[in-house]
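Chain and residue survey
Each chain, letter by letter, is given below.
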Amino acid sequence: MPKGEITLRPVSELDIESICGIDEKIVGKDRPAEWERRIAYYLRRDPELSLVAVEDGTVVGFMLGEVRGGEFGLEETSGWIEVLGVDPECRGRAVGRRLLEGMLANFKKRGATAVRTLVSEESQKELLGFFEAGGFKSTPIRTLECRL
Amino acid sequence: MENVRSSTLPKKYHDAVVRWGQTFLPDYQLLLDNWEKFFPHDRRHELCAYRQCGMCDTIEVGDMAGKPKFERASEMTPDHASHLLKAIKAQASTELGSIQQHQLTLARAPEEQDQFWVLRMMAEELRHGYQMFSLLLEDDWKAVSDTKGEDMVEEVLQMRTGSHVLGAFNVDFDSFVDNIVFCALIDRVGKYQLAMQKVSAYKPMSESMPPMLQEEAFHLATGVVPIRRWVQSAARGEGYVGMDLLQKIINKWYPRGLDMFGDERGGGSNVRMGLKPMKNGEAAAQYTAEVEQLIGDLNLRYVRARFPDISRQEAQERLALIRDEGEAVEGVTRDDLLRLPHPSFFRRRGIYAYQMLDLDGKPVQDLEEYKKLMLRVLPEAYATARDTTKYFDLMRQVLAGEVKAQDAVHILPNLSRVGGVCPCSRAVRWVVDEPTSGNGHG
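Now for a quick tour of the structure. Every value quoted in this text rests on a predicted model; they were computed, and no experiment measured them. (Residues numbered from 1 in each chain as written. Chains lettered and ligands numbered in written order. Predicted model: local features only at pLDDT ≥ 70, side-chain atom pairs only at ≥ 80, totals over all residues. Heavy atoms only, no water.)

**Quick look at the overall build of chain B**
Operational definition: Strands here mean DSSP runs of E at least two residues long; helices mean DSSP runs of H or I at least four residues long; both are numbered from the N terminus. Each radius of gyration reported is based on C-alpha atoms, and the globular scaling rule is 2.2 Å times the count of residues to the power 0.38. Partly exposed describes any residue whose relative accessible area lies between the buried limit of under 20% and the exposed limit of over 50%, with all areas from a 1.4 Å probe on protein chains only and scaled to the type maximum. When checking whether two residues touch, look at their non-hydrogen atoms; a contact exists if any pair is within 4.5 Å.
Tallying secondary structure elements over chain B gives 16 helices and two strands in all. Relative to its length of 442 residues, chain B is compact, with a C-alpha radius of gyration of 23 Å against a globular reference of 22 Å. Taken along its principal axes, the extent of the C-alpha atoms in chain B is 80 × 55 × 50 Å. Split into buried and exposed, the 442 residues of chain B put 56% on the buried side. Contacts in chain B between residues at least 24 apart in sequence constitute 74% of all its contacts with a sequence separation of at least 6.

Now the structure itself:
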């Protein structure tokens, strides 16, 4: 894996294949239809918000989200981080942290006063640690679920 | 969109654009009626002009870098104004021209989602044309130009396929695959032009670009996502769009995309005047690199779909063997994959204009041989259409010395329409003066 300066830029439709590749390394499955749908969604909503991290011309991480407000009893404009992934071969090099910093700055530019995300305490302990290190705290808002 | 102010054109011009839309974008209301179904929670489309606030106030490139941007046309020299008006007219023409093209084959979309994505894209192109009209109408160009903004608006509204400024917008669509490949390849050129115009020394132009660029991002996805899906279906032997058809349509549009950048040697005056940050050749080279990446990703997708049980690494290795070494792997050959023609192929502008060069950029000696080649590598409907026959006729004239290649560049296909979308839309002014309030006579 090439090592160079990591830069951030907005995600584009040309990143779909790279993101598929990173996702496949993480989850072990090739999911092109899923990423085609998702990337098109984020491009439609706000193409300058979601970011990829690039090193030597190769996408090594991504973070996708959007700004919403008026849901779940939360009237304030909030940023939501919905998806992220870092190439496992690039872990430990602050790619995730750089992406988080970039996204927080983007959310702030768009008037968000808080940023939220959802993490599973059982299956995403590492991710929990990542967000806590980034200044995120648990909130009184509970996730409720009804299985169908 | 944050930090953006919106405005509408004076009523008679706004109404003219609405009327134009009713003729050339008749499904506009259908789009709005189905907005929540296909674009839930997205900001609803509005026909208005947007200006980004808080942009850079100083000229960013060229001889006047560092000086304040021009806020009004009267602050420019006539030469500046002339370059700028050409760009605004070309931009407006491309926006409306593309709508006329897309409308021809919109109804043939095999998937409803793809159809509504294209329809949304068309509505946003209409807004982009409207945006350019706002630049023409909200400033007084008389001090620096013989052109009146309102006359240019009417002129662009009158344009039809065959009379638009740039060649790519005078080519008919023959199938919905044209709609999609056009979004992937030609809107991509549009993205470059908009990104370059973002640094325009004319502040209203630079402020117009960010909202247009945001909308353009989805237009590119409107092209790339269906092509990815079609490539995967083709690999599995399913679906209706084969790799051969996709290749022929890429061969049709990629050269027109390159032509849109203008002569590779040109663009220097735009950079000097602070209107764009790079010359034509540099921008075209970056565009080609992007399209090459797209083709590479599509080919990888093809191999993965064809061999679903191998890993990504193995698929990349197989692709390299097939594409770069020319080997056949389990029945897949180089001919099964997509490729980008050489940049010199089928060009009508620039250093390769009106040269008989094949897909690899190698010369073809004989016009009849060249025609046979083109019939093989272009989509059948297009290869036998008026645009192509006009091209062959001009090529014959260039070869015979009757016309110089540099003059052939300026001869538009100028297709005269037989019939049309609506008989009343020909040779009728779109902008209608409001009736003055009467005093009861008559």
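After that view, the rundown keeps rolling.
**Focus on the nonpolar core**
Stated precisely, the cut-off is as follows: Here, nonpolar core refers to any group of buried Ala, Val, Leu, Ile, Met, Phe, Trp, Tyr and Cys residues whose side-chain atoms link them within 4.5 Å.
Formed by 157 residues in total, the largest nonpolar core has its most connected members in Phe133(B), Trp141(B), Leu246(B) and Tyr370(B). If near-sequence neighbours (up to four positions away) are discounted, Phe133(B) is found in contact with Leu9(B), Val17(B), Ala92(B), Leu96(B), Val153(B), Val156(B) and Leu157(B). Counting 17 residues, the second largest nonpolar core, distinct from the first, contains Val86(A), Val95(A), Leu100(A) and Ala112(A).

**A short note on the sheet that holds strand β4 (residues 78-86) of chain A**
All names here are of chain A. Applied cut-off: Strand pairing is assigned whenever DSSP detects at least two bridges linking the two strands. Think of each axis as a best-fit line through the C-alpha atoms, taken over the contacting stretch in the case of a helix, with angles from 0 to 180 degrees between the N-to-C directions.
Taken in spatial order, the five strands of this open sheet run β1-β2-β3-β4-β5, and their pairing is mixed. In this open sheet, the two edge strands, each paired with only one partner strand, are β1 (6-10) and β5 (114-116). In this sheet, neighbouring strand axes are inclined to one another by 30 degrees on average, regardless of whether the strands run parallel or antiparallel. Of the pairings in the sheet, the one linking β1 to strand β2 (residues 51-55) comprises five bridges and is antiparallel in character. Bridge pairing in β2 links Pro10 to Leu51. Those strands touched by helix α1 (residues 16-27) are β2, β3 (58-68) and β4, and its axis lies near 95 degrees from that of β3. The strands touched by helix α3 (residues 95-109) are β1, β2, β3, β4 and β5; relative to β3, the strand with the most contacts, the crossing angle is about 30 degrees.

**Here's the deal with the environment of His102(B)**
Residues and elements named next belong to chain B. Within the secondary structure, His102 is located in helix α4 (residues 78-105). Taking the C-alpha atoms as reference, His102 lies 18 Å from Leu32; in sequence the two are 70 residues apart. Contact partners of His102, with chain neighbours within four places excluded, come to Val118, Met121, Met122, Phe173, Asn179, Phe182 and Cys183.

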